[in-house]
Amino acid sequence: MIARAPIHRSKVKQSGAVLLMLTLILALSISSSLLSGFGHKAYVVKRDQVSTTALAQARQALISYAYLNEATLPCPDADGDGLSDSCGNDAQSVEGWLPWQTLGTKPLRDGDGVCLRYAVSGNYKESSSITLEADTGGGFPTEGHFIIHDENNNIRLGSSADQYAVATIFAPLKNISSQSRDLGSGAGTTCGSRDTTADKNNAKSYLDTLAGVNNALGTFSGVGVAGSGALPTEQLSVFIQADHQGDFNDVLAWLSPTDLTDAYNEVEPEDDDECAPGQSENNHSDNANEQACNKKDKKDKKDKKDKKDKKDKKDKKDKKDKKDKKNSGLGGWLWTVWNVLWGWFGF
Ligand SMILES: [Ca+2]
Ligand SMILES: [Ca+2]
């Protein structure tokens, strides 16, 4: 009997130790889980902040570029070196890397360190033969080609032609399960690969599909949209902006025609051959434009008259020179004959 007491106390001690251990493990597990959750949340916040900032910088760089380049936008970069490349057929919308070097910025990367992608409307790309028309108050400017959906496929931007986006910028973020970003046969560039056909440069390796909208192709499988064509295309394209979910993590920003208002104003009327796109002396949107147009019309007329006067004066001089030359030639010939006769007959 006396010997049983220590055995019982030992069992109690052991049970207590086990309980303590379990409590500690549970506490550590909960702490770890909480810390992991906080860590992930902090990562998401930071990632989204970086992406948003990069997209905003890209938007501003494109607007500035349009301001300096008659409201046009650069072709995308095909190999990720930051320099814009030639971009397909006239009037076709195209997609590629954002040409950060052409835009005069550093490489713009999203929150996962991936360079931004960029689609430009066929009407606005720099190589297009389309003449851009400004919003003159009653009409609308040359439309873009891009409609933006939300995750329920409601139209977020582009319910009418004057709202179609002229450019869309994408933060692709890290690759989802089906995406490979292999360099192919080319050396790596800052963002992509020298092999322009490599997965590393391919939109499908970066841009995702959700609710029937394929951001890599700009297509929508549903019914009721004004048209969507796989890029490159002259048709309308559809992109989707939604929260990160499943295999979708793209973040989008875009430019509408009205974002280029200052750029339009810069090219008209001073720099255009005509008073302004879509304007005439009888079709001015405001007094400032009317005055500017009249001033330019007056200058054009004066330039035209000066040019004509100059040409008339030159024509007159050329005619006189020609006559003088002819006379000079005849006189010279007669003088030569006279000298010969003088030598022969002693005139
Ligand atoms: Ca390039
Ligand atoms: Ca993506």
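One can find the structure itself at the top, above this paragraph.
The rules we used
Residues numbered from 1 in each chain as written. Chains lettered and ligands numbered in written order. Predicted model: local features only at pLDDT ≥ 70, side-chain atom pairs only at ≥ 80, totals over all residues. Heavy atoms only, no water. Disulfide = S-S within 2.5 Å. Helix = DSSP H or I, 4+ residues; strand = E, 2+ residues; numbered from the N terminus. Buried < 20%, exposed > 50% of the residue type's maximum accessible area, 1.4 Å probe, protein only. Donors = N, O, S within 2.8 Å, 3.2 Å for Na, K, Ca; no water. Tetrahedral: all angles 85-135°; square planar, octahedral: opposite > 155°, others 65-115°. Core = buried A, V, L, I, M, F, W, Y, C linked by side-chain atoms within 4.5 Å. Contact = heavy atoms within 4.5 Å. Pairing = 2+ DSSP bridges. Polar contact = N/O pair within 3.5 Å; in protein donor to acceptor, adjacent residues only side chain to side chain. Phe/Tyr/Trp six-rings, centres within 6.5 Å; stacked < 30°, edge-to-face > 60°. Salt bridge = Lys/Arg side-chain N within 4 Å of Asp/Glu carboxyl O.

Peer 1: How would you sum up the state of the cysteines? Please name residues and give values.
Peer 2: Tallied over the full model, the rule gives two disulfides. In this model, Cys75 is linked to Cys87 through a disulfide, with the two sulfur atoms separated by 1.9 Å. Between Cys75 and Cys87 the sulfur-sulfur dihedral comes to about -45°; the bridge is accordingly left-handed. In this pair, Cys75 sits in the loop between helix H1 (4-68) and strand E1 (94-97) while Cys87 sits in the loop between H1 and E1, placing the two residues 12 residues apart along the sequence. Given a relative accessible area of 8%, Cys87 falls into the buried group. Here Cys115 engages in a disulfide with Cys191; their sulfurs sit 2.1 Å apart. On the S-S bond that ties Cys115 to Cys191, the torsion sits near -75°, and the link is left-handed. Here Cys191 lies in the loop between strand E5 (167-171) and strand E6 (209-210) and Cys115 lies in the loop between E1 and strand E2 (117-120), a separation of 76 residues in the sequence.

Peer 1: Could you give an account of the coordination of the calcium ion (ligand 1), naming the residues involved and the relevant values?
Peer 2: Taken together, the protein donors to the calcium ion (ligand 1) comprise Asp77 (OD), Asp79 (OD), Asp81 (OD), Leu83 (O), Asp85 (OD) and Asp85 (OD), at separations of 2.4 to 3.1 Å. Its six donor atoms give the calcium ion (ligand 1) angles of 44 to 165° at the centre, a pattern that matches the irregular case. Between consecutive donor residues of the calcium ion (ligand 1), the sequence gaps follow D-x1-D-x1-D-x1-L-x1-D. The buried category is assigned to Asp77, whose relative accessible area is 1%. According to the relative accessible area criterion, Leu83 is partly exposed, its value standing at 38%.

Peer 1: Pulling in residues and values, what's your account of the nonpolar core?
Peer 2: Within the largest apolar cluster, 31 residues are counted, with the highest numbers of intra-cluster contacts made by Leu62, Leu73, Leu98, Leu116, Ile169, Leu255 and Leu260. Mapped onto this core, the elements with two or more residues apiece are H1, E2, E5, strand E10 (251-255) and helix H2 (261-267). Leaving out residues up to four positions away in the same chain, Leu62 has contacts with Leu73, Pro74, Leu98, Leu103, Tyr118, Ile169 and Leu255. Ranked by size, the runner-up nonpolar core spans 19 residues in total, among them Val114, Leu157, Leu207 and Ala216.

Peer 1: Give me the lowdown on the coordination of the calcium ion (ligand 2), citing residues and values where you can.
Peer 2: The calcium ion (ligand 2) binds to the protein through Pro172 (O), Tyr206 (O), Asp208 (OD), Asp208 (OD), Asn249 (OD1) and Asp250 (OD); the donor distances cover 2.3 to 2.9 Å. Here the calcium ion (ligand 2) is ringed by six donor atoms whose angles at the metal span 48 to 169°, and the overall shape comes out irregular.

Peer 1: How would you sum up the sheet that holds E6? Please name residues and give values.
Peer 2: Within the open sheet, the three strands sit side by side as E6-E7-E8. Their pairing is antiparallel. On the outer flanks of this sheet lie E6 and strand E8 (219-220), each paired with one strand and no other. Relative to E8, strand E7 (residues 213-214) is paired through two bridges, and the arrangement is antiparallel. Bridging across to E8, Val213 finds its partner in Phe220.

Peer 1: Go over the side chain of Ser193 with me, naming the residues and quoting the values.
Peer 2: Turning to its location among the elements, Ser193 is positioned in the loop between E5 and E6. Of the polar contacts made by the side chain of Ser193, one reaches the backbone oxygen of Leu183; its length is 2.6 Å.

Peer 1: Break down the packing of aromatic side chains for me, citing the residues and quoting the values.
Peer 2: Any pair of aromatic rings gets described here by the distance separating the centres and the angle formed by the planes. Under the criterion given, the structure shown has three aromatic pairs. Taking 5.1 Å as the distance between ring centres and 80° as the angle between the ring planes, the aromatic pair formed by Phe170 and Phe239 counts as edge-to-face. Remark: Phe239 occurs in strand E9 (residues 237-240) and Phe170 occurs in strand E5; sequence separation between them is 69 residues. One exposure class covers both Phe170 and Phe239, and it is buried. Within the aromatic cluster, the residues linked to one another by ring pairs are Phe146, Phe170 and Phe239.

Peer 1: An account of the pattern of salt bridges is needed here, citing residue identities and associated values.
Peer 2: Within this structure, the stated rule accounts for five salt bridges. A salt bridge links Asp48 to Arg47; the nearest nitrogen and oxygen atoms lie 3.1 Å apart. Exposure remark for Asp48: the relative accessible area of 30% places this residue in the partly exposed category. Residue Arg47 is classed as buried on the basis of its relative accessible area of 7%. Here Arg59 ties to Asp259 by a salt bridge, and the two come within 2.8 Å at their closest N and O atoms. With Arg59 in helix H1 and Asp259 in the loop between E10 and H2, this pair connects stretches of sequence that are 200 residues apart.

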